[in-house]
Amino acid sequence: AFRRGAFEQAVMDWKEAVRLFEKERKPNNQREALTLLSQAYQYIGQYSEALKSLKSALTLAEKSGDRRQIASVLGNLGNLYIALGPPDKASQYLNESLSMAKELGDSGLSATILNNLGNLFVAQQKYNEALGAYLESMPLAKKSSNELLATRALTNAAMASMQNGQFKDSKARLDRAFDETRKLDPSHDKAYGLINIGLTYYHLRSHL
């Protein structure tokens, strides 16, 4: 349901999963379902519910003592605070989780956090820093076989390049992102990625 973009259905299913995992006393599964539930809530704009889910997930992660789980939830909290504000809080969570992910040698988690950190820098109009974060995210995403994230980071790098006045670099990255995105399996994220690429091409036209 989430991949199709049926986010209300995804919310209902993951809420039921959370309830069942709690009943069956499976805290790790419950934490994972809570984290996914928060993502679905964000897509439909219910940020307060998303925050509640993540705070519950963080409690479970901290009880488990699993540093990867803790880092993952902290990264998700940082991403949520990009939308909620304040930016300082988003930065605190993202940097703390990135430090933990790097200590653990988790390339996939590091790639996700770096992409989100790039999004925070763009929101703050720090385009050089954003570009650095996206370009660091890309190879880590590929290393962890997350092609969707790799293409998203590449598209974001193209957008940051344009906003930073690097129009030829932006075009070159956008061309690569378009080719890579077209290879992905159909999903809401692929469609959204293609829309972002199309809009960036449109805005680039007047500069090339």
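Residues numbered from 1 in each chain as written. Predicted model: local features only at pLDDT ≥ 70, side-chain atom pairs only at ≥ 80, totals over all residues. Heavy atoms only, no water.

## Considerations on the side chain of Arg31
Stated precisely, the cut-off is as follows: Put simply, DSSP marks the helices as runs of H or I at least four residues long and the strands as runs of E at least two long, and each gets a number from the N terminus on. Note on classification: 1.4 Å probe, protein chains only; a residue is buried when its accessible area is under 20% of the maximum for its type, exposed when over 50%, partly exposed between these limits. Only four residue types enter the tally: Lys and Arg on the positive side, Asp and Glu on the negative side; His and the chain ends are excluded. Salt bridges are defined as contacts in which a side-chain nitrogen from Lys or Arg sits within 4 Å of a carboxyl oxygen from Asp or Glu. Whenever a nitrogen or oxygen atom comes within 3.5 Å of another N or O atom, the pair is scored as a polar contact, on the condition that within protein one atom can donate a hydrogen and the other can accept it, and that pairs from neighbouring residues in sequence are kept only if both atoms are in side chains. Throughout, a contact is declared for two residues whenever any of their heavy atoms are within 4.5 Å.
With respect to the secondary-structure elements, Arg31 resides in helix α2 (residues 27–43). With no salt bridge to any partner, buried Arg31 finds its closest opposite charge in Glu32, at an N-O distance of 5.1 Å. A polar side-chain atom of Arg31 sits 2.8 Å from a polar atom in the side chain of Gln69. When residues no more than four places from it in sequence are discounted, the contact partners of Arg31 are Ala57, Leu60, Ala61, Gln69 and Val73.

## Description of the pattern of salt bridges
Enumeration over the complete set of coordinates arrives at 10 salt bridges. The residue Lys26 makes a salt bridge to Glu24 at a minimum N-O spacing of 3.5 Å. Relative accessible area serves as the criterion here: at 39%, Lys26 is assigned to the partly exposed category. For Glu24, a relative accessible area of 45% corresponds to the partly exposed category. Its salt-bridge partner being Glu49, residue Lys52 comes within 3.2 Å of it at the nearest N-O pair. Here Lys52 and its partner Glu49 are both found in helix α3 (residues 47–64), 3 residues apart, which amounts to about one turn of the helix. Residue class for Lys52 comes out exposed when judged on its relative accessible area of 53%.

## Re the environment of Asn28
Residue placement: Asn28 occurs in helix α2. Distance in space between the C-alpha atoms of Asn28 and Glu103 is 22 Å, their sequence separation being 75 residues. With residues up to four places along the chain from it excluded, the contact list for Asn28 reads Ser64 and Gln69. Within polar-contact distance, the side chain of Asn28 engages the side chain of Gln69 at 3.1 Å.

## A few points about the environment of Leu20
Looking at the secondary structure, you find Leu20 in helix α1 (residues 7–23). You can call Leu20 partly exposed: its relative accessible area is 31%. In sequence terms Leu20 and Gln30 are 10 residues apart; their C-alpha atoms lie 8.2 Å from each other.

## Here we look at helix α10 (residues 188–204)
As a reminder, the rule being used: Here a helix's expected span is defined as the number of its residues, less one, multiplied by 1.5 Å. By definition, the arc is the one covered by directions from the helix axis to the C-beta atoms.
Compared with an ideal rise of 1.5 Å per residue, which puts 17 residues at 24 Å, α10 spans 24 Å between its outermost C-alpha atoms and is within 8% of the ideal. All buried positions along α10 are accounted for by Lys190, Gly193, Asn196, Ile197, Thr200 and Leu204. On an axial view of α10, the arc spanned by its buried residues comes to 120°, and they lie on one face. Those residues of α10 that are exposed and angled more than 90 degrees off the buried face are Tyr192, Ile195 and Tyr202. Those residues of α10 that are buried lie in contact with α8 (147–163) and α9 (167–182). Its side-chain oxygen placed 3.4 Å from the backbone nitrogen of Asp189, Ser187 serves as the N-cap of α10.

## A word on the nonpolar core
Most often, soluble globular proteins have nonpolar side chains that are buried together. Applicable threshold: Side-chain atoms within 4.5 Å are what join buried Ala, Val, Leu, Ile, Met, Phe, Trp, Tyr and Cys residues into a set we call a nonpolar core.
Within the largest apolar cluster, 44 residues are counted, with the highest numbers of intra-cluster contacts made by Val73 and Leu77. Among the secondary structure elements, those contributing two or more residues to this core are α1, α2, α3, α4 (67–84), α5 (87–104), α6 (107–123), α7 (127–143) and α8. Among residues more than four places away in sequence, those in contact with Leu77 are Leu51, Leu54, Leu58 and Tyr93. Membership of the second largest hydrophobic core comes to 9 residues, among which are Leu154, Met162, Leu174 and Ile197.

## A look at the packing of aromatic side chains
This is how the line gets drawn: The criterion for an aromatic pair is that two Phe, Tyr or Trp rings (for Trp, the six-membered ring) have centres within 6.5 Å, with stacked assigned to planes under 30 degrees apart, edge-to-face to planes over 60 apart and tilted to the rest.
A complete count under the given rule lists 5 aromatic pairs for this structure. Ring geometry for Phe2 against Trp14: centres 5.6 Å apart, planes inclined by 50°, an arrangement best described as tilted. Taken together, the residues span a long stretch of sequence, with Phe2 in the segment before α1 and Trp14 in helix α1 at a distance of 12 residues. The same class applies to Phe2 as to Trp14, namely buried. Between Tyr81 and Tyr93 the ring centres are 5.6 Å apart and the planes differ by 10°, which places this aromatic pair in the stacked class. Of this pair, Tyr81 sits in helix α4 while Tyr93 is found in helix α5, placing the two residues 12 residues apart along the sequence. The class for Tyr81 is buried, based on a relative accessible area of 7%. An aromatic cluster is present here, built from Phe2, Phe7, Trp14 and Tyr43 joined pairwise through their rings.

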